[in-house]
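Structure at a glance
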Amino acid sequence: MSNLLGIDMIGIDLRNSTSNSAQENVILRMDKKYPISDYFPYLIVSDNIRSLDSKTDLFQIDPFQGKDTIKHKAKKGLGIEISIAPARKLDAPLVARWLKELKSIYIFCQSYDCQFILSSGATSINEMISARSFESILNIVGIAPGTYWRKISEWIYAKTKARWQYVKS
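Here we summarise the structure given alongside this text. (Residues numbered from 1 in each chain as written. Predicted model: local features only at pLDDT ≥ 70, side-chain atom pairs only at ≥ 80, totals over all residues. Heavy atoms only, no water.)

Digging into the pattern of salt bridges
Quick note on the threshold: Salt bridges, as used here, are contacts in which a Lys or Arg side-chain nitrogen is within 4 Å of a carboxyl oxygen on Asp or Glu. Strands here are runs of E lasting at least two residues and helices are runs of H or I lasting at least four, both read from the DSSP assignment and numbered beginning at the N terminus. Only protein chains enter the accessibility calculation, which uses a 1.4 Å probe; a residue is then buried when its area is under 20% of its type maximum, exposed when over 50%, and partly exposed in between.
Counted according to the given criterion, the structure contains 4 salt bridges. Across the salt bridge formed by K159 and D57, the nearest N and O atoms sit 3.5 Å from each other. In this pair, K159 sits in helix 4 (residues 145-168) while D57 sits in the loop between strand 3 (42-46) and strand 4 (58-60), placing the two residues 102 residues apart along the sequence. Taking relative accessible area as the criterion, K159 reaches 18% and is therefore assigned buried.

Here it is, written out as structure tokens:
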């Protein structure tokens, strides 16, 4: 079903499974706007630099590509997402380099007023990362976990609120 709708992840609130009303606790990740986005908050996600435009909310980047990939196309408020999953397969020297690049991208996000987003990259529950491990990575890179969670919450709220104002009116 997610492939039909162009969504890379889908979640359902089981408490209201028979309700067709808008669910504000589910945020869809889509490659472009689809009709289902009238019922749910959504983010337009891309991992292709050629498709990065003003409609893109979230850009997925490989830290080894570096910030030079998006330097000329980054706009204020763009979310830049880095996944932890590929780093799990790296040897120690490459993990150190990955962390260095992660910090560099974080500094880039601060200077370009973009939202830095670190995700587990999990595709199943078995690939999830514990909160303690996740926050340890943030600390190693020099990011205060409390500040990180506050900023990402504010960013998501701002992105979805703007769309809901449009849809609800």
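Focus: the environment of S46
Rules: The criterion used for residue contact is that any of the two residues' heavy atoms lie within 4.5 Å. In protein, a polar contact requires one atom able to donate a hydrogen and another able to accept it; more generally it is a pair of N or O atoms within 3.5 Å, and residues adjacent in sequence count only if both atoms are side-chain atoms.
Following the sequence through the fold, S46 ends up in strand 3. Along the sequence, S46 and D57 sit 11 residues apart, while their C-alpha atoms lie 8.3 Å from each other. Ignoring anything within four residues of it in the chain, the contact list for S46 reads S51, T56, L58, F59 and Q60. Of note is the side chain of S46, whose polar atom sits 3.1 Å from the backbone nitrogen of N48.

Side note on the packing of aromatic side chains
For clarity, the cut-off: Note on aromatic contacts: the rings of Phe and Tyr and the six-membered ring of Trp form a pair at centre separations within 6.5 Å, being stacked when their planes are under 30 degrees apart, edge-to-face when over 60 apart, and tilted otherwise.
Here the structure, examined in full by the defined rule, presents 6 aromatic pairs. Residues F116 and Y148 carry aromatic rings whose centres are separated by 6.5 Å and whose planes lie at 70° to one another, so their mutual orientation is edge-to-face. Note that F116 is positioned in strand 6 (residues 115-119) and Y148 in helix 4, a separation of 32 residues in sequence. Assessed through its relative accessible area of 4%, Y148 is described here as buried. Taking 4.9 Å as the distance between ring centres and 75° as the angle between the ring planes, the aromatic pair formed by Y148 and W149 counts as edge-to-face. For W149, a relative accessible area of 37% gives the class partly exposed.

Some points on the nonpolar core
The condition that has to hold: Buried Ala, Val, Leu, Ile, Met, Phe, Trp, Tyr and Cys residues form a nonpolar core when they are joined through side-chain atoms within 4.5 Å.
Formed by 32 residues in total, the largest nonpolar core has its most connected members in I80, I82, W98, L102, F116, L118 and Y148. Among the secondary structure elements, those contributing two or more residues to this core are strand 3, strand 4, strand 5 (79-83), helix 2 (92-111), strand 6, helix 3 (131-141) and helix 4. Of all the elements, helix 2 adds the most residues to this core, at 6 residues. If we skip the residues at most four places from it in the chain, L118 touches I82, I84, W98, L102, F134, I137, L138 and Y148. Counting residues in hydrophobic clusters, the runner-up holds 7 residues, among them V26, Y34, F40 and I44.

Looking at helix 2
Where we set the bar: By this rule the span expected of a helix is its residue count minus one, scaled by 1.5 Å. Starting at the helix axis, one direction is taken to each C-beta atom, and the arc is that of these directions.
Its 20 residues give helix 2 an end-to-end C-alpha distance of 29 Å, which sits within 8% of 28 Å, the value for a rise of 1.5 Å per residue. Of the residues making up helix 2, those classed as buried are W98, E101, L102, I105, Y106, F108 and C109. In an axial view of helix 2, the angular spread of the buried residues amounts to 160°, which keeps them on one side of the axis. More than 90 degrees from the buried face of helix 2, the exposed residues found are A92, P93, K100 and S111.

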